[in-house]
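# Fold and geometry: a report
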Amino acid sequence: MGEEQWLQNLCGRLDRGEIDSALFLESFARELATHIGCSRAGVWVFVDTVEGRVLRCLTMYDAVRHRVVRASDMVNAEVGPYFEALLRDGCVVAADARTHPATVGFLLDYLLPLDVYSLMDVCYSVNGQVVGVFSCEQVGKPVNWSQRQVQTLRQIGARAALTLMHATQAAAQTDTAPGALWEFSGPNRLTQPAPFDPDTEA
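Residues numbered from 1 in each chain as written. Predicted model: local features only at pLDDT ≥ 70, side-chain atom pairs only at ≥ 80, totals over all residues. Heavy atoms only, no water.

## Focus on helix H2 (residues 21-36)
The α-helix advances 3.6 residues per turn, and as a result positions three or four apart in sequence lie on the same side. End to end, H2 covers 22 Å across 16 residues, agreeing with the expected 22 Å (1.5 Å per residue, within 8%). If you check which residues of H2 are buried, you get Ser21, Phe24, Leu25, Glu26, Ser27, Phe28, Ala29, Leu32, Ala33 and Ile36. At the N-terminal boundary of H2, the capping side chain belongs to aspartate 20, with an oxygen 3.3 Å from the backbone nitrogen of alanine 22. Of the residues one or two after H2, glycine 37 is the one with positive phi, at around 80°. (Helix = DSSP H or I, 4+ residues; strand = E, 2+ residues; numbered from the N terminus. Expected span 1.5 Å × (residues − 1). Buried < 20%, exposed > 50% of the residue type's maximum accessible area, 1.4 Å probe, protein only. Polar contact = N/O pair within 3.5 Å; in protein donor to acceptor, adjacent residues only side chain to side chain.)

## Section: helix H3 (residues 81-89)
For H3, the full list of buried residues reads Tyr82, Phe83, Ala85 and Leu86. Down the axis of H3, the sector holding all buried residues measures 165°, keeping them to one side. Exposed residues on H3 whose side chains face more than 90 degrees from its buried face are Pro81 and Arg88. Buried-residue contacts for H3 involve strand S1 (40-49), strand S2 (52-62), strand S4 (91-94), strand S5 (116-126) and strand S6 (129-139). (Arc of directions from axis to C-beta. Contact = heavy atoms within 4.5 Å.)

## Thoughts on the nonpolar core
Phe24, Phe28, Phe134 and Leu164 are the most contacted members of the largest nonpolar core, which totals 40 residues. Contributing elements (two or more residues each) for this core: helix H1 (3-15), H2, S1, S2, S5, S6 and helix H5 (147-172). Ranked by residues supplied to this core, first place goes to H5 with 8 residues. In this view, phenylalanine 28 contacts Trp6, Leu7, Leu10, Val43, Phe134, Ile156, Ala160 and Leu164; residues no more than four positions away in its chain are not counted. By size, the runner-up hydrophobic cluster in this structure holds 25 residues, among which are Val69, Ala77, Val92 and Phe106. (Core = buried A, V, L, I, M, F, W, Y, C linked by side-chain atoms within 4.5 Å.)

Geometric descriptors of this kind do not, in isolation, establish any biological role.
In structure tokens form, the structure reads like this:
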């Protein structure tokens with residue numbers, strides 16, 4: 001199925017009430033991983049909290065495990081090399097995330113434990129305002145992201161931005177504590193550790 005067709009079908013199902021926001025986001029991330037050809041794909045949204053601005057993961061699909069996993073908020077979303085690069089350039093493309101200046105800070109807490117080698121994160125906007133980020137990750141070995149992959153992410157964001165905004169607003173207002181849909185993925189890109197459930201597979 002072509003890029004435009006799967007997006008149209010998925011957005012249409014949400015608009016008609018055939019699926020809710022959570023299922024839309026999960027399906028979107030799964031299709032994103034398929035069309036980009038990456039190990040993991042996620043949808044994040046910027047949220048203002050009493051602690052400051054955070055980048056909240058609304059869904060992260062792991063194509064290796066064939067399931068949705070949980071990722072914690074990235075706090076201090078207005079400071080640091082990663083956020084500076086992301087908001088300045090609209091993307092962070094790191095073939096070698098373990099040495100890239102914007103992502104090397106995730107090395108010990110995220111990249112090494114999850115065997116992540118490469119990252120490609122692209123912002124999506126509504127009315128010129130950045131509202132969220134698509135994240136693509138490659139585990140097991142590095143990958144040289146192509147300009148076509150970056151452009152594909154940008155095009156997907158432009159075509160689905162309004163639907164994504166409505167879906168992310170609905171999802172961000174819900175309790176994101178782990179439930180049947182969510183499973184911990186282990187370490188996350190974070191400055192605060194996620195709670196650990198010994199009964200949940202890492």
